[in-house]
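For reference, the chains in residue letters:
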Amino acid sequence: MTEPALDLKNQKAEFRKKVEELLPNGNLNLCFTCGTCAGGCPATGLENMDPRKFVRMVALGLDDEVLSTPWVWMCSMCMRCNYACPMNVDIAGMVGLARQAWPRDQRPKGIVNSCDMALKHDTCSAMGASEEDFQFVVEDVLEEVRETQPGWEDLQAPVNKEGAYYYLNQNSREPVTEPDEMVPLWKILHLAGADWTYGTKGWGAENYCMFAQDLEAWEHIVRVKAKAVEDLGCKVWLNTE
Amino acid sequence: MYAVRAGLKKFNIPYNFEIKSIIQLYAQWIREGKLKVNSDWNKDLKVKFTVQDPCQLVRKSFGDPVADELRFVVKAVVGEENFIDMTPNKSNNYCCGGGGGYLQSGYTEARHHYGQIKFNQIKNTGATYCIAPCHNCHSQIHDLNDHFDGGYYTVHLWTLICLSLGILGENERAYLGPDLAELGL
């Protein structure tokens, strides 16, 4: 007797019900197993998984496997599978729901910690930089450029300038670990004559709470950022990337 | 960018501002003549560049139009003949493997395995520099070079714009290779 390819003794399908409820446009049942998703996914093969297998396991109700595989954290949620899928199956959405099903304290610590750090201050910085730290670094770097780089005595890096047209955010990496990398951006904005500002609140461009799939924290971060832009009366939320 | 756009929608948060990538503005400002970039610095050097399409910006947000804007900026700055695209590209490009929290997840071996595709794509262009206009892409592509001993450099777009404008300061060159480290100083 050969082993059956699939052991369906443990069919639970609770997760499938959740997918059908929370992703009403997820098209789980339209998957015709063509494998286009798996063929174009860099995570194919990791943990002996791929997007096609993952969708099959969801459809077959293999909840134990679906909810225990660390593969959902080895997917970068890049959505190339969704983009390529001829039936518009929301594969990445299912990966997101599987991430949510992990108890928070068992999710990858690095992602959860980055989310927690962002909740510490209204800056939303995943590296935990405070409002004062950010303003200090910006002003310090600006002063140095004005003093040491001829022709840039008038360079600006406004903070909390009410009514500025652009609200520029900034990944924490620059102010925290390589502040000189902000200067080229400021020079470009200066030459373009852009009316812009940073805000001490909400400037952190990154958001690991989404990747941690902590929905409450994700929503909190987005609300803080949106309020920061609106409180300064800015017209455009401008991302550096 | 994507987390804010998707979050505003998912949680039904009302807002009254526009959401833009500065890459769209770089292109606009070059067209308007506000950023007088040119590629003369690279006419004789012929340093080759490729560019990564960040998933969050291209496939997950503004699609091929923003990927075209990105290429318009890059070509204006390094010279059209010195730009070599990856295959596949734009909305079909592969993720570098730095997104989704991967860099923070602790699954380093898996992340390198995942990134092998991106590494091969970059090496197949033959370019000396990969422009990575996203922080996660920049970190991952930089790390892939270290891990697989790629021999290429990973740079931010703002570095090259300022280099082509002749305004890149001495302390703003951390990611340039020795061939460009002192250019225009």
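Caption draft 1: Layout of the overall build of chain A. If you tally the helices and strands in chain A, you get twelve helices and three strands. What you see for chain A is a C-alpha radius of gyration of 23 Å, clearly larger than the 18 Å of a compact globule of 241 residues, by over 25%. Overall, the C-alpha framework of chain A stretches about 80 × 35 × 30 Å when taken along its three principal axes. When each of the 241 residues of chain A is scored for burial, the buried share is 56%. Across chain A, every contact between residues at least 6 apart in sequence was considered, and the portion connecting residues at least 24 apart equals 73%. As displayed, chain A offers around 10,600 Å² of accessible surface, 50% of which is attributable to carbon and sulfur atoms. Each charge class in chain A was averaged separately, 23 positive and 37 negative side chains, and the resulting centres sit 9 Å apart.

Caption draft 2: Structural view of the overall build of chain B. Helix and strand content of chain B: eight helices and four strands. Written out in order from the N terminus, the α and β elements of chain B read α-β-α-β-α-α-α-α-β-α-β-α. Relative to a compact globule of 185 residues, whose C-alpha radius of gyration would be 16 Å, chain B shows 17 Å and is just as compact. Per element, the accessible surface of chain B, about 7,200 Å² overall, is 46% carbon and sulfur.

Caption draft 3: The arrangement of empty space enclosed by the protein in detail. Counted under the stated rule, the structure contains six cavities of 30 Å³ or more. Around the largest cavity, the lining comprises 20 residues; the ones closest to its centre are Ala205 and Glu241 of chain A together with Met1, Gln56 and Asn136 of chain B. Looking at the lining of the largest cavity, the elements with two or more residues in it are α11 (208-211) of chain A together with α1 (2-10) and α7 (135-148) of chain B. Residues belonging to the lining of the largest cavity are distributed by class as follows: eleven nonpolar, six polar and three charged. Around the second largest cavity sit 17 residues that line it, and Cys41, Pro51, Cys75, Cys78 and Cys81 of chain A are the ones nearest its centre. Contributions of two or more residues to the lining of the second largest cavity are made by α5 (80-84) and α6 (91-101) of chain A. Of all the elements, α6 of chain A adds the most residues to the lining of the second largest cavity, at three residues. Taken together, the residues of the lining of the second largest cavity break down into 14 nonpolar, two polar and one charged.

Caption draft 4: Quick peek at the pairing of strand β3 (residues 236-239) of chain A. Neither face of β3 of chain A is exposed, since Val236 and Leu238 of chain A on one face and Trp237 and Asn239 of chain A on the opposite face are all buried. Pairing geometry for strand β1 (residues 166-168) of chain A and β3 of chain A, over three bridges, is parallel. When the bridges of β3 of chain A are listed, tyrosine 166 of chain A appears paired with valine 236 of chain A. Bridge analysis of β3 of chain A against strand β1 (residues 18-21) of chain B gives four bridges, and the strand direction is parallel. In the sheet register, tryptophan 237 of chain A faces β1 of chain B, and the bridge partner there is isoleucine 19 of chain B.

Caption draft 5: Representation of the pattern of salt bridges in the model. Residues and elements named next belong to chain A. Scanning the entire structure with this criterion turns up 18 salt bridges over all chains. With its nearest N and O atoms 2.7 Å apart, the salt bridge here joins lysine 12 to aspartate 64. With a gap of 52 residues between them, lysine 12 in the segment before α1 (14-22) and aspartate 64 in helix α4 (residues 63-68) connect regions that are remote in the sequence. In this structure lysine 12 comes out as partly exposed when scored by relative accessible area, which is 45%. A single network of salt bridges, built from pairs that share partners, joins Arg104, Asp116 and Asp214.

Caption draft 6: Local environment of the interface of chain A and chain B. The interface of chain A with chain B comprises 60 residues on the first partner and 66 residues on the second. Buried area between chain A and chain B, both sides added, is near 5,700 Å², and the carbon and sulfur share of it is 64%. Put simply, chain A and chain B have one salt bridge between them. Across the chain A-chain B interface, the total number found is 27 residue pairs in polar contact (both at pLDDT 80 or more). Counting only elements with at least two residues in the side of chain A that touches chain B, the list comes to α5, α7 (109-120), β1, α9 (173-177), α10 (182-191), α11, α12 (215-231) and β3 of chain A. Per element, the largest residue contribution to the side of chain A that touches chain B is nine residues, and it comes from α12 of chain A.

Caption draft 7: Molecular detail of a negative patch on the surface. Residues and elements named next belong to chain A. A cluster of like negative charges, contributed by Glu139, Asp140, Glu143, Glu144 and Glu147, occupies part of the molecular surface. Within the secondary structure, glutamate 143 sits in helix α8 (residues 131-148). We classify glutamate 143 as partly exposed; its relative accessible area is 46%.

Caption draft 8: View of α12 of chain A. Over its 17 residues, α12 of chain A extends 24 Å from the first C-alpha to the last, a length consistent with the 24 Å expected when each residue adds 1.5 Å. Among the residues of α12 of chain A, Ala217, Trp218, Ile221, Val222, Val224, Lys225, Ala226, Ala228 and Val229 of chain A are the ones counted as buried. Here the buried face of α12 of chain A lies against α7, β1, α11 and β3 of chain A together with α1 of chain B. Phi turns positive one or two residues past the end of α12 of chain A, at glycine 233 of chain A, with a value near 70°.

Cut-offs applied
- Residues numbered from 1 in each chain as written.
- Chains lettered and ligands numbered in written order.
- Predicted model: local features only at pLDDT ≥ 70, side-chain atom pairs only at ≥ 80, totals over all residues.
- Heavy atoms only, no water.
- Helix = DSSP H or I, 4+ residues; strand = E, 2+ residues; numbered from the N terminus.
- Rg over C-alpha atoms; globule rule 2.2 N^0.38 Å.
- Buried < 20%, exposed > 50% of the residue type's maximum accessible area, 1.4 Å probe, protein only.
- Contact = heavy atoms within 4.5 Å.
- Areas by Shrake-Rupley, 256 points an atom, 1.4 Å probe, with all protein chains shown as cover.
- Lys, Arg positive; Asp, Glu negative; His and termini not counted.
- Charge placed at Lys NZ, Arg CZ, Asp CG, Glu CD.
- 1 Å grid on protein atoms, 1.4 Å probe; cavity = no way out; pocket = protein on both sides within 12 Å on 5 of 7 lines; lining within 4 Å.
- Points joined across faces, edges and corners; volume = space filled by probe spheres on them.
- Nonpolar A, V, L, I, M, F, W, Y, C, P; charged D, E, K, R; others polar.
- Pairing = 2+ DSSP bridges.
- Salt bridge = Lys/Arg side-chain N within 4 Å of Asp/Glu carboxyl O.
- Buried area = accessible area lost by both parts, 1.4 Å probe.
- Polar contact = N/O pair within 3.5 Å; in protein donor to acceptor, adjacent residues only side chain to side chain.
- Patch = residues over 30% accessible without salt bridge, like charges linked within 9 Å, V, L, I, M, F, W, Y side chains within 5 Å.
- Expected span 1.5 Å × (residues − 1).

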